[in-house]
Amino acid sequence: RSSDLLTFRCDGVEGSIKKLSKNAKKFNENILSLNHLECKLSEDLSNSMICQQYFSAFRELVQDWHTFNCKLNDFGENLGVSVQKLIIDPMKRFHMVIHELKMLLKKREHLYESSIKLQTKVNNLSKKEKTGPNVVHLEKSKANLNQVEDALNRQTALIKEEVPLILDYRINYFQPSLEGLIKSKVLYWGDAFNTFKSHSMMQKTQSTSSSSSSWDEYSRKQTQLLNSISSLSIVEGSE
């Protein structure tokens, strides 16, 4: 039946909405968590003995990095607001619409089942002896059947007209949200990049160590340093 097909389509759309909303919420949580953790990391490093007592150039780099992380955290919160308004909230509203459609389909199914029962009752009463009470019951059952069938026909016509339109309109409904999300992501990464360029210490590090050969050389030196530290023999001195 066409109502079964529409119910199947509603269930499919509803499942997609739930999955999309769940992923959007997880995306929000993860990006905020990432930014908060990086801020905490740079803050702890900035307050550590490594930065406070030695290597002023390293201290300036870490502080520059921490300032950048704090601004990036603000950008992440703005992106989170965009995801909430552009994805989560619209999907919540659309889910309510799908829920109403499913209630409409269930009401139609209930009317259909009622019409079957009433039709069976009319058929049974028609076979009985034409006594006064039986005739009254028969006429009353026929009247109830007519009312239910009229309601069923109206409901069926409404479903055939409205439900496919709403389901097919979902792309038009969601496309502006997706476009808005993409623009918000571009703004997020654009602000992050421009902020990065404004920090002289980080920019200097990026410009002098960006090539693969520079990173290879840096990695080699760090490995040699760690190996040297590991090879030290620390023995408790005798008194």
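Here we summarise the structure given alongside this text. (Residues numbered from 1 in each chain as written. Predicted model: local features only at pLDDT ≥ 70, side-chain atom pairs only at ≥ 80, totals over all residues. Heavy atoms only, no water.)

1. Notes on the overall build of the protein chain
Here is step 1 of the chain: On a plain count of helices and strands, the protein chain comes out with 7 helices and 0 strands.
Here is step 2 of the chain: The helix and strand sequence of the protein chain, counted from the amino end, reads α-α-α-α-α-α-α.
Here is step 3 of the chain: Per-residue burial for the protein chain yields a buried fraction of 28% across its 239 residues.
Here is step 4 of the chain: At a minimum sequence separation of 6, the contacts of the protein chain that also span at least 24 residues come to 82%. (Helix = DSSP H or I, 4+ residues; strand = E, 2+ residues; numbered from the N terminus. Buried < 20%, exposed > 50% of the residue type's maximum accessible area, 1.4 Å probe, protein only. Contact = heavy atoms within 4.5 Å.)

2. Considerations on the nonpolar core
Here is step 1 of the chain: Counting 25 residues, the largest nonpolar core has C10, V83, I98, V163 and L167 as its most contacted members.
Here is step 2 of the chain: For this core, the secondary structure elements donating two or more residues are α1 (2-46), α3 (56-126), α4 (132-168) and α5 (170-197).
Here is step 3 of the chain: If you tally residues by element for this core, the top one is α3, at 12 residues.
Here is step 4 of the chain: Among the nonpolar cores identified, the runner-up in size contains 9 residues, and L111, L118, V148 and A151 belong to it. (Core = buried A, V, L, I, M, F, W, Y, C linked by side-chain atoms within 4.5 Å.)

3. Quick word on the layout of surface pockets
Here is step 1 of the chain: In this structure, the second largest pocket spans a volume of roughly 170 Å³.
Here is step 2 of the chain: In terms of lining residues, the second largest pocket is bounded by V13, S16, I17, L20, M91, F94, R170, I171, Y173 and F174.
Here is step 3 of the chain: Counting only elements with at least two residues in the lining of the second largest pocket, the list comes to α1, α3 and α5.
Here is step 4 of the chain: Tallied by class, the residues present in the lining of the second largest pocket amount to 8 nonpolar, 1 polar and 1 charged. (1 Å grid on protein atoms, 1.4 Å probe; cavity = no way out; pocket = protein on both sides within 12 Å on 5 of 7 lines; lining within 4 Å. Points joined across faces, edges and corners; volume = space filled by probe spheres on them. Nonpolar A, V, L, I, M, F, W, Y, C, P; charged D, E, K, R; others polar.)

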